[in-house]
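Reading the structure
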Amino acid sequence: MSVGTPLPRVLVAHNRYQVRGGEDAAVARDIAALERAGCAVEAVFLDNAAIASGPARLRAAAAATHAPEGIARVMVAARRFAPDVVHIHNFFPLLSPGIHAAARAAGCATVQTLHNYRLICANAFLMREGAPCELCVTGSPYRAVRFACYRGSRTGSLAVARMIDHHRRAGTWRRDVDRFVALTPFARERFVAAGFPAEKIRVRPNGLPDPGPPADGPRQGLLFVGRLSPEKGVLVLAEAATRAGLRVTVIGEGPLAGALAGHPGLELTGTCAPDAVQAAMARAAALVVPSLWYEGLPMVVAEAYATGTPVVASRIGALAGLVADGVTGLLAEPGDAADLAGALGRIAGDPAAAAAMGREARAVYAREWREDVTTRALLDIYRDAVAARAAEAPLASTGT
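Sequence order as written defines residue numbering, which begins from 1 separately in each chain. Note on the predicted model: pLDDT of at least 70 is required for a residue's local features to be given, and 80 or more for side-chain atom pairs to be given and counted; whole-chain, interface and lining totals, by contrast, use all residues. By convention in this description, side-chain values take in all heavy atoms of the structure and omit both hydrogens and water.

**So, the side chain of Asp-165**
By definition, any uninterrupted DSSP run of H or I lasting at least four residues is a helix, any uninterrupted run of E lasting at least two residues is a strand, and each is numbered from the N terminus. Within the element layout of this structure, Asp-165 appears in helix α7 (residues 154-170). With residues near it in sequence (within four places) discarded, Asp-165 still touches Pro-141 and Tyr-142. Contacts are residue-level and defined by heavy atoms, with any inter-residue pair within 4.5 Å sufficient.

**So, the state of the cysteines**
In this description, a disulfide is simply a cysteine sulfur pair whose atoms lie within 2.5 Å. Here the structure, examined in full by the defined rule, presents 0 disulfides. Cys-133 carries a free sulfur, and the closest cysteine sulfur to it, the one in Cys-149, is 6.2 Å from it. Here Cys-136 is not cross-linked by a disulfide; its sulfur's nearest cysteine counterpart is in Cys-149, at 6.4 Å. Type-normalised accessible area, obtained with a 1.4 Å probe on protein chains alone, sets the label of each residue: buried when under 20%, exposed when over 50%, and partly exposed for intermediate values. Cys-136 sits in the buried class, given a relative accessible area of 12%.

**Things to note about the pairing of strand β13 (residues 311-314)**
Pairing between two strands is assigned when DSSP locates at least 2 bridges connecting them. Pairing of strand β12 (residues 286-289) with β13 involves 3 bridges; the strand directions are parallel. Counted as the bridge partner of Leu-287 is Val-311 from β13. In this fold, β12 hands off to helix α13 (residues 299-306), which returns the chain to β13; that crossover is right-handed. Note that β13 and strand β14 (residues 329-332) share 4 bridges and pair parallel. Bridge pairing in β14 places Ala-313 opposite Leu-331. The path from the first strand over the helix to the second decides the hand: if it runs clockwise while the strands point away from the viewer, the crossover is right-handed.

**Thoughts on the nonpolar core**
Ranked by internal contacts, the top residues of the largest apolar core, which has 75 residues, are Leu-95, Tyr-117, Phe-196, Leu-287, Tyr-305 and Val-311. The dominant element in this core, judged by the number of residues it contributes, is α13, at 7 residues. Setting aside its immediate chain neighbours within four residues, Phe-196 contacts Leu-119, Ile-120, Trp-173, Arg-174, Phe-180, Phe-191 and Ile-201. The next biggest cluster of nonpolar side chains, apart from the first, holds 28 residues, and it includes Leu-222, Phe-224, Leu-266 and Val-312. Buried Ala, Val, Leu, Ile, Met, Phe, Trp, Tyr and Cys residues that are joined via side-chain atoms within 4.5 Å together make up what is termed a nonpolar core.

**As for empty space enclosed by the protein**
Every definition here rests on a 1 Å grid over the protein atoms only: cavities are sets of points where a 1.4 Å probe fits but cannot get out, pockets are open sets enclosed by protein on both sides within 12 Å along at least five of seven lines, and lining residues have some atom within 4 Å of a point. Grid points are joined across faces, edges and corners, and a volume is the space filled by probe spheres set on the points. On inspection of all chains with the given rule, the structure shows 4 cavities of 30 Å³ or more. One number sums up the size of the largest cavity: a volume of about 90 Å³. Around the largest cavity sit Cys-121, Ala-122, Asn-123, Leu-126, Met-127, Arg-128, Cys-133, Glu-134, Leu-135, Cys-136, Ala-144 and Cys-149, which together line it. Put simply, the parts of the chain that give the lining of the largest cavity at least two residues each are β5 (127-128) and α5 (135-138). For this classification, the nonpolar set comprises Ala, Val, Leu, Ile, Met, Phe, Trp, Tyr, Cys and Pro, the charged set comprises Asp, Glu, Lys and Arg, and every other residue, Gly included, is treated as polar. Of the residues contributing to the lining of the largest cavity, the split by class is 9 nonpolar, 1 polar and 2 charged. In this structure, the second largest cavity encloses a volume near 70 Å³.

**Considerations on the sheet that holds strand β7 (residues 179-182)**
Working definition: the strands of a sheet are paired by backbone hydrogen bonds and lie parallel or antiparallel to each other. Pairing is parallel in the open sheet, where 6 strands are placed in the order β2-β1-β3-β4-β7-β8. Sheet topology places β2 (40-47) and β8 (201-203) at the edges, where each strand pairs with a single neighbour. Each strand of the sheet is rotated relative to its neighbour by a mean of 20°, with strand direction disregarded. Pairing of strand β1 (residues 9-16) with strand β3 (residues 85-88), which is carried by 4 bridges, proceeds in the parallel orientation. Each residue of the ladder has a partner; that of Val-10, found in β3, is Val-85. Helix axes are fitted to C-alpha atoms over the stretch in contact, other axes to C-alpha atoms as well, and angles between N-to-C directions run from 0 to 180 degrees.

**Brief notes about α13**
Burial of α13 is extensive: 7 of the 8 residues sit out of reach of the surface. Residues Met-299, Val-300, Val-301, Ala-302, Ala-304, Tyr-305 and Ala-306 constitute the buried set of α13. Remark: Gly-308 follows α13 within two positions and exhibits a positive phi of approximately 75°.

**Here we look at helix α16 (residues 351-368)**
Multiplying one less than the number of residues by 1.5 Å gives the expected span of a helix. The end-to-end C-alpha distance of α16 is 25 Å, a good match for the 26 Å that 18 residues give at a rise of 1.5 Å each. Among the residues of α16, those classed as buried are Ala-354, Met-357, Gly-358, Ala-361, Arg-362, Val-364 and Tyr-365. Buried residues of α16, viewed axially, fall in a sector of 160°; they line one side. Turned more than 90 degrees from where α16 packs its buried face, Ala-352 and Arg-359 sit exposed. In this description, one arc is meant: the one made by directions from the helix axis to the C-beta atoms.

**Focus: the sheet that holds β14**
Sheet architecture is open: 6 strands sit in the order β11-β10-β9-β12-β13-β14, paired in parallel fashion. Single-partner strands in this sheet number two, and they are β11 (266-270) and β14. Strand-to-strand twist in this sheet, taken as the mean axis angle between neighbours without regard to direction, amounts to 25°. Bridge analysis of strand β10 (residues 248-251) against β11 gives 4 bridges, and the strand direction is parallel. Bridge pairing in β11 links Ile-251 to Gly-270. On the sheet, helix α12 (residues 274-283) packs against β9 (222-225), β10 and β12 and is oriented at approximately 150° with respect to β9. With respect to the sheet, α13 is in contact with β9, β12 and β13, its orientation differing from that of β12 by roughly 170°.

As structure tokens, then:
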């Protein structure tokens with residue numbers, strides 16, 4: 001925001017996940033960054049840990065379309081705190097998209113971050129049977145029921161599809177949200193294709209505090225950091241490592257850990273503390289992200305760039321835009337072990353080129369992902385949302 005412009009009062013609302021992940025961490029980082037920038041911020045957290053029994057799951061599913069109890073909790077805080085902006089992150093299932101109408105009725109501008117594709121896809125990932133799926137982007141969300149897209153449950157899929165369909169038909173996203181925050185241009189394109197108002201969607205990545213300039217010196221080894229599951233491409237990575245005659249250090253856990261244990265091309269370390277992960281990235285010649293699905297904004301890419309480490313990634317979805325082939329890393333065809341092996345071999349065989357890509361990666365981080373940069377961008381989005389809300393208020397009061 002420009003010099004002299006008052007900073008907005010921001011109420012953040014977020015439905016935490018049962019298993020804490022990147023989205024929860026991103027929300028916490030945003031709140032801390034806004035506070036450091038001088039904003040008055042209050043947060044209301046709902047927690048899926050409360051959905052611990054069969055009856056609780058049924059109640060949550062039944063209420064997912066409107067979730068009056070969750071909305072009431074947020075609005076109690078809004079009336080007391082009097083925010084300029086209500087910023088919604090995850091609303092599912094204890095809050096619901098209905099929070100936007102309630103906030104606007106109270107005179108607040110509203111912002112919705114599009115961390116995933118829940119607004120248009122029952123499983124939130126635009127993925128089915130291990131591959132990208134866009135059937136519901138322009139089609140009926142009830143197709144998810146046929147394929148049991150939400151956790152393999154047709155009942156659960158019906159509840160989510162009903163929520164998506166209701167708010168699509170009711171015009172919630174066009175009428176009640178002043179600004180959307182997409183994490184990547186690719187994500188913005190998917191939401192525009194689904195009918196969301198392009199003029200309201202801003203692209204702003206999650207921010208990351210600066211770990212400091214990367215140390216000079218040689219890099220060694222390849223690194224994977226993430227969940228060991230099929231959509232992350234770890235089986236393809238294992239085959240590619242064998243083909244290239246290389247060994248990849250793997251940090252993470254997941255359902256494929258047992259199958260990958262003892263693989264000659266992988267060194268499994270399990271999970272590590274954040275400081276240890278950062279140190280491993282700073283030592284690596286490259287980070288490998290061989291995903292088979294549309295990643296949202298994998299923060300491991302930002303973390304690698306921050307440490308001056310290039311990224312070898314699949315040419316799919318947002319990753320194809322996050323990694324500039326031959327500039328900040330290399331791209332390989334998703335699921336193609338031979339192509340991935342070639343990319344890994346190029347990194348290992350040309351340390352000078354890898355180091356040059358790492359320097360450019362660090363420059364991209366400084367321009368786009370450093371916390372002060374992303375915080376300024378978020379404040380600009382808040383300013384736009386408040387202005388849009390103010391412009392509509394006189395029209396609403398006259399009934400125009």
